[in-house]
Amino acid sequence: MLRFSLILLWVISSSVIEMNSNRPVFGVKVSIGANSQITTFVAYNYNGRVLTKKRVLDRETFVKFVSGHWPSIYNPYKKDYFAEHNINCALITDELTNKKIIECLPIDSLWKIRFSTYPFQHNIEKGWSNKYHKPSPKQEIYLSNNYGVNHIDGDFFLDTNFWKILKDVSDPIWIANYKSLY
């Protein structure tokens, strides 16, 4: 009977802790994915122990979840996490079409971390990578040490590192320092 009581107490306390500590975790991977997208976005719930309920998202859905325009299990209270982290991302209304469009320079700049030139046609903008389709060895070490991204092809900038990289790609000093790593 004592054993049953201890197990029951553990189950109840574990479930209470899990329910109270759920929080969203957002991330991005800068790598050409299956649908020829340069960035892959992900959302998780963190229950205090592990990441759960992984969902891979397209750019539009991701921004709508994170900005609170669409409710989801990752943002049930429709909080604007971009505003909370002082990231200049928003859905604005196009005056001509009256449709909501995404305006998010930090997310639109993420490809520059990996590529020296835009990997598809119709964009002549230069990236910040010192190799053609991959960061230089020193840039890779920098990304590993500062953001936990050990393999640019497979690792996500997750949680606090996600917010940190979005701030950094908007900082001209950070950009100049990153470009100087050969």
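Structure shown above.
Keep in mind it's a predicted model, so treat the numbers as computed, not measured.

On inspection of all chains with the given rule, the structure shows one disulfide. The residue that forms a disulfide with Cys89 is Cys104, at a sulfur-sulfur distance of 1.6 Å. A residue pair is termed long-range when its members are at least 10 positions apart, and Cys89 in strand β4 (residues 89–93) and Cys104 in strand β5 (residues 100–104) qualify at 15 residues. This pair shows no difference in class: Cys89 is buried, exactly as Cys104 is.

With that settled, the discussion passes to the pattern of salt bridges. Close approach of charged atoms lets side chains of opposite charge pair. Per the counting criterion, the structure on display carries seven salt bridges. The salt bridge partner of Asp108 is Arg59, with a shortest N-O separation of 2.8 Å. With Asp108 in helix α4 (residues 105–109) and Arg59 in helix α2 (residues 59–67), this residue pair connects regions lying 49 residues apart in the sequence. For Arg59, a relative accessible area of 29% corresponds to the partly exposed category. The shortest N-O distance in the salt bridge between Glu140 and Lys134 comes to 3.6 Å.

About the cut-offs
- Residues numbered from 1 in each chain as written.
- Predicted model: local features only at pLDDT ≥ 70, side-chain atom pairs only at ≥ 80, totals over all residues.
- Heavy atoms only, no water.
- Disulfide = S-S within 2.5 Å.
- Helix = DSSP H or I, 4+ residues; strand = E, 2+ residues; numbered from the N terminus.
- Buried < 20%, exposed > 50% of the residue type's maximum accessible area, 1.4 Å probe, protein only.
- Salt bridge = Lys/Arg side-chain N within 4 Å of Asp/Glu carboxyl O.

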